[in-house]
Amino acid sequence: MAFEGLTTRLQNVFGKLKGRGKVSEDDVNEAMREVRLALLEADVNFKVVKDFIAKVKEQATGIEVQKSFTPAMVIIDIVNKELTELMGGTQEKLAKANKPPTVILMAGLQGAGKTTLTGKLAKLLQSQNHKPLLVAGDIYRPAAIKQLQVLGEQIGAQVFTLGDKISPVEIAKQGVQLAKDQGNDYVLIDTAGRLQIDEELMQEIKDIHAAVKPDEVLLVVDAMTGQEAVNVAKSFHEQLALTGVVLTKLDGDTRGGAALSVKAVTGCPIKFASTGEKIDQLEPFHPDRMASRILG
Ligand code: GDP
């Protein structure tokens, strides 16, 4: 599972502090040095770590002179609170259009998990009594359309495709129109994986964006790619005005840097976490729960 290394290291740091009845300023400084190293080793963005440590230190200063019986616990509380803030504070819900359908556009690199997420999100919406329409907008990856159709069949959701010869902009437009005509209240548009340096494909998703004016643009980010995931998020955000991030593959042995940096670096909330290949392995992302999990 994700964060194992970070959790172990933080537990060691706080274990040492808890072992001391009284905590001196030197103890706090030493602990903060170790927390800093642990975060850097977990691949958290350098600047994010710097700001984080400064905030915790500011609050922890003077802890040793407070008449706290358990200064270590006070410090752990501060770290917990700041970790939660770092990841966005509160759970951010999926956008909802004033007038249905709510249009959701998936963006991200190839292999990040967009098609899988499209199926998972549709299933989640169905469980809340919504009626999503899936739109097969990835016409470049062989088998992407089929993959979405298989997912649609599995969950009993309609998949709209025009094959792989029609432009994805047209497919997206017609998909949204069909949803309006049929009364689907959500449209999930799968798109091709693209590199931010691939100008043609980047332009294409911008054109889709302009054509269907999505209520939600979700960047699907593979958490396993660590620091790189944050760079990808940053440059997508500059080009495409993202409204949310979905972290995938949190079940792998990711060091956690992406989860801990992406909100701070892009300002985009993490809305969901994907924790496996199965269709129901998707959860709303709760910063507080994630912080508690990281602290172990
Ligand atoms: P796309 O190219 O962005 O559409 O990526 P896909 O949806 O095809 O996913 C790429 C691979 O990652 C597939 O083998 C998926 O089964 C796998 N995958 C997607 N999400 C997760 C996840 O949360 N955990 C794990 N372990 N695998 C995932």
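Criteria and thresholds
- Residues numbered from 1 in each chain as written.
- Predicted model: local features only at pLDDT ≥ 70, side-chain atom pairs only at ≥ 80, totals over all residues.
- Heavy atoms only, no water.
- Near = heavy atom within 4 Å.
- Polar contact = N/O pair within 3.5 Å; in protein donor to acceptor, adjacent residues only side chain to side chain.
- Areas by Shrake-Rupley, 256 points an atom, 1.4 Å probe, with all protein chains shown as cover.
- Helix = DSSP H or I, 4+ residues; strand = E, 2+ residues; numbered from the N terminus.
- Expected span 1.5 Å × (residues − 1).
- Buried < 20%, exposed > 50% of the residue type's maximum accessible area, 1.4 Å probe, protein only.
- Arc of directions from axis to C-beta.
- Contact = heavy atoms within 4.5 Å.
- Pairing = 2+ DSSP bridges.
- Axes fitted to C-alpha atoms, helices over the stretch in contact; angles between N-to-C directions.

J.: Please clarify how the site of the ligand should be interpreted in this entry.
T.: Within the structure, the ligand sits among 17 residues, and G111, K114, T116, S274 and E277 are positioned closest to it. Within the backbone of A112, a nitrogen or oxygen atom sits 3.3 Å from an oxygen atom of the ligand. Q147 is positioned such that a nitrogen or oxygen atom in its side chain is 3.1 Å from an oxygen atom of the ligand. About the coverage of the ligand: the protein hides 80% of its 580 Å² of free accessible area. Considering every element that reaches the shell around the ligand, the biggest residue donor is helix α5 (residues 114–127), with four residues.

J.: For this particular structure, what's the right way to read helix α1 (residues 4–19)?
T.: Three or four residues apart is the spacing at which side chains of an α-helix point the same way, because the helix has 3.6 residues per turn. Between the first and last C-alpha of α1 there are 22 Å, a value that for 16 residues agrees with the 22 Å anticipated at 1.5 Å per step. All of the buried residues in α1 are L6, T7, L10, V13, F14 and L17. Taken end-on, α1 shows its buried residues confined to a sector of 130°, consistent with a single buried face. Exposed and facing more than 90 degrees away from the buried side of α1 are E4 and G19. Looking at the buried positions of α1, the neighbouring elements they touch are α2 (25–41), α4 (71–86), α10 (257–266) and α11 (287–295).

J.: Please explain helix α8 (residues 199–212) as it appears in this structure.
T.: The first and last C-alpha atoms of α8 sit 20 Å apart over 14 residues, in line with the 20 Å expected at 1.5 Å per residue. Of all the residues in α8, the buried ones are L201, M202, E204, I205, I208 and V212. One face of α8 carries all of its buried residues, which in axial projection span an arc of 155°. Facing away from the buried side of α8, by more than 90 degrees, are the exposed residues E199 and E200. Considering only its buried residues, α8 is in contact with β1 (102–108), α7 (168–182), β4 (186–191) and α9 (227–240).

J.: Help me out: how do you make sense of the sheet that holds strand β5 (residues 216–222) in this one?
T.: Sheets are built from strands paired through backbone hydrogen bonds, the pairs being either parallel or antiparallel. A sheet is described by the order of its strands in space; here eight strands give the open sequence β3-β2-β4-β1-β5-β6-β7-β8, paired in mixed fashion. Each having just a single partner strand, β3 (158–160) and β8 (282–284) make up the two edges of the open sheet. Geometrically, the sheet is characterised by an average inter-axis angle of 25° between neighbouring strands, direction not taken into account. Where strand β6 (residues 244–248) meets strand β7 (residues 270–274), three bridges bridge the pair, whose relative direction is parallel.

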